[in-house]
Amino acid sequence: MTRRVPSSIPGLDEMIEGGFIENDVILLTGPPGAGKSTFGIQYLYKGVTEYNEPGVYVTLEESPARIMRNMWRHGWDLERAVKENKLRIIRSNPILYSKYIKEKQKTLSTTAEVATIEHLLKEIYSNIKEIGAKRLFIDSLTSLKISSDPVSVRHVILEFIRNVENMDCTTLITSEIQQHNANFNVEEYLCEGVIKMHVFRVSGNRNRAIEILKMRGVKHKETIHPYNIVDDGIVVYPSESVIGDECDTTDFISF
Ligand SMILES: Nc1ncnc2c1ncn2[C@@H]1O[C@H](COP(=O)(O)OP(=O)(O)OP(=O)(O)O)[C@@H](O)[C@H]1O
Ligand SMILES: [Mg+2]
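First, a word on scope: everything that follows refers to the structure included in this document. Please read these numbers as outputs of a predicted model, since none were measured by experiment.

Basis of the calculations
Residues numbered from 1 in each chain as written. Chains lettered and ligands numbered in written order. Predicted model: local features only at pLDDT ≥ 70, side-chain atom pairs only at ≥ 80, totals over all residues. Heavy atoms only, no water. Helix = DSSP H or I, 4+ residues; strand = E, 2+ residues; numbered from the N terminus. Areas by Shrake-Rupley, 256 points an atom, 1.4 Å probe, with all protein chains shown as cover. Buried < 20%, exposed > 50% of the residue type's maximum accessible area, 1.4 Å probe, protein only. Lys, Arg positive; Asp, Glu negative; His and termini not counted. Salt bridge = Lys/Arg side-chain N within 4 Å of Asp/Glu carboxyl O. Polar contact = N/O pair within 3.5 Å; in protein donor to acceptor, adjacent residues only side chain to side chain. Contact = heavy atoms within 4.5 Å. Near = heavy atom within 4 Å. Nonpolar A, V, L, I, M, F, W, Y, C, P; charged D, E, K, R; others polar. Phe/Tyr/Trp six-rings, centres within 6.5 Å; stacked < 30°, edge-to-face > 60°.

### Observations regarding the overall build of the protein
Each helix and strand counted, the protein has eight helices and twelve strands in total. When the accessible surface of the protein is totalled, it reaches about 12500 Å², and 49% of it is carbon and sulfur.

### Concerning the side chain of Lys-214
Tracing the backbone through its elements, the reader meets Lys-214 in strand S9 (residues 205-215). Despite its burial, Lys-214 remains without a salt bridge, the nearest opposite charge being carried by Glu-192 at 7.1 Å. At 3.1 Å, the side chain of Lys-214 and the backbone oxygen of Tyr-189 are in polar contact. Setting aside chain neighbours within four positions, we find Lys-214 in contact with Glu-188, Tyr-189, Cys-191, Glu-192, Gly-193, Val-194 and His-220.

### Quick notes on the site of ligand 1
Within the structure, ligand 1 sits among 14 residues, and Gly-33, Lys-36, Ser-37, Thr-38 and Ile-229 are positioned closest to it. Gly-35 is positioned with one of its backbone polar atoms (N or O) 2.9 Å from an oxygen atom of ligand 1. A distance of 2.8 Å separates an oxygen atom of ligand 1 from a polar side-chain atom of Lys-36. Calculation on ligand 1 without its partners gives an accessible area of 650 Å², and the protein chains cover 65% of this total. Residue assignment for the shell around ligand 1 shows that the elements contributing at least two residues are helix H1 (36-51) and strand S10 (225-230). Here the element with the most residues in the shell around ligand 1 is H1; it accounts for three residues. Grouping the amino acids of the shell around ligand 1 by side-chain chemistry returns five nonpolar, five polar and four charged.

### Description of the pattern of salt bridges
Per the counting criterion, the structure on display carries 13 salt bridges. Residues Glu-53 and Arg-135 are paired through a salt bridge, measuring 2.8 Å at the closest nitrogen-oxygen approach. Of this pair, Glu-53 sits in the loop between H1 and strand S4 (55-59) while Arg-135 is found in strand S6 (residues 135-139), placing the two residues 82 residues apart along the sequence. Each member of the pair, Glu-53 as well as Arg-135, is classed as buried. Ionic pairing is found between Glu-187 and Lys-145, a salt bridge with its closest N-O pair at 2.8 Å. You can see Glu-187 sitting in helix H7 (residues 186-190) and its partner Lys-145 sitting in the loop between S6 and helix H6 (150-165), a full 42 residues away along the chain. Exposure remark for Lys-145: the relative accessible area of 26% places this residue in the partly exposed category. Overlapping salt bridges bring together Arg-3, Glu-22, Glu-53 and Arg-135 as one network.

### Re the packing of aromatic side chains
A full pass over the atoms with the stated rule returns three aromatic pairs. Aromatic side chains Phe-20 and Tyr-43 sit 5.8 Å apart centroid to centroid with 75 degrees between the ring planes, which places their arrangement in the edge-to-face category. Of this pair, Phe-20 sits in strand S2 (residues 20-21) while Tyr-43 sits in helix H1; the two residues are 23 residues apart in sequence, bridging distant segments of the chain. The class for Tyr-43 is buried, based on a relative accessible area of 0%. Ring plane angle 5 degrees and centroid distance 5.2 Å describe the contact between Tyr-57 and Phe-137, whose orientation is recorded as stacked. In this pair, Tyr-57 sits in strand S4 while Phe-137 sits in strand S6, placing the two residues 80 residues apart along the sequence. The same class applies to Tyr-57 and to Phe-137, which are both buried.

Printed below as a string of structure tokens:
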């Protein structure tokens, strides 16, 4: 029997037979402001505080200081978890690094990108081993798509996910996939599971709903259910259903 890792998101485990399958890599997609980072940090922080499972957070976009400040809003003391060596935060900026290497070596972009990602993977792995991490959160994969060549992007993402799969951690990775994009991205095929966060509108009010697009080896719910971001973090309501038309978050900007 494979061990299940509680998601630490109230209500979600009911949708996936009790939790993630240990050491799986799960993709979390959704539009800006859907709550992807909150979801992942909740997963790590509750892992530390409720299950005594150390975690590694890889931030490719926001600065650790900003994340720590924003997460205080939910009462999560990330700084303390870091001081206690239960949490590691790795900050990386592949775009800047790639540019630096390109200028230095005057090489083709693919070589530079792979070098960058190799370096990042080594850093992730050594941090996992140093604190005995069981949970890993990478935010976001979109930042690694630094080439204009789709074949190169595919190669980089494939290599990255293949490597992360072998790090003995149950992993969440975010990706900013467009809600209305009919084409699937390579990461959606590669990951064991895909959780989709939707933002839509009913009678002028912003609503949020979550869907398990796939979860290999799991008899998961195929229906879509509301979730909310509250002071305690993300909460899913698996016994409630959703009615309404999905729309882009850009629609909200005009409000
Ligand atoms: N205490 C709170 N109560 C309700 N909603 C909150 C609270 N704190 C934050 N939020 C909501 O959470 C959103 C931010 O969530 P988060 O940063 O996790 O989203 P994201 O999907 O990672 O976005 P991005 O794609 O921009 O990185 C805010 O825009 C706000 O709507
Ligand atoms: Mg985010």
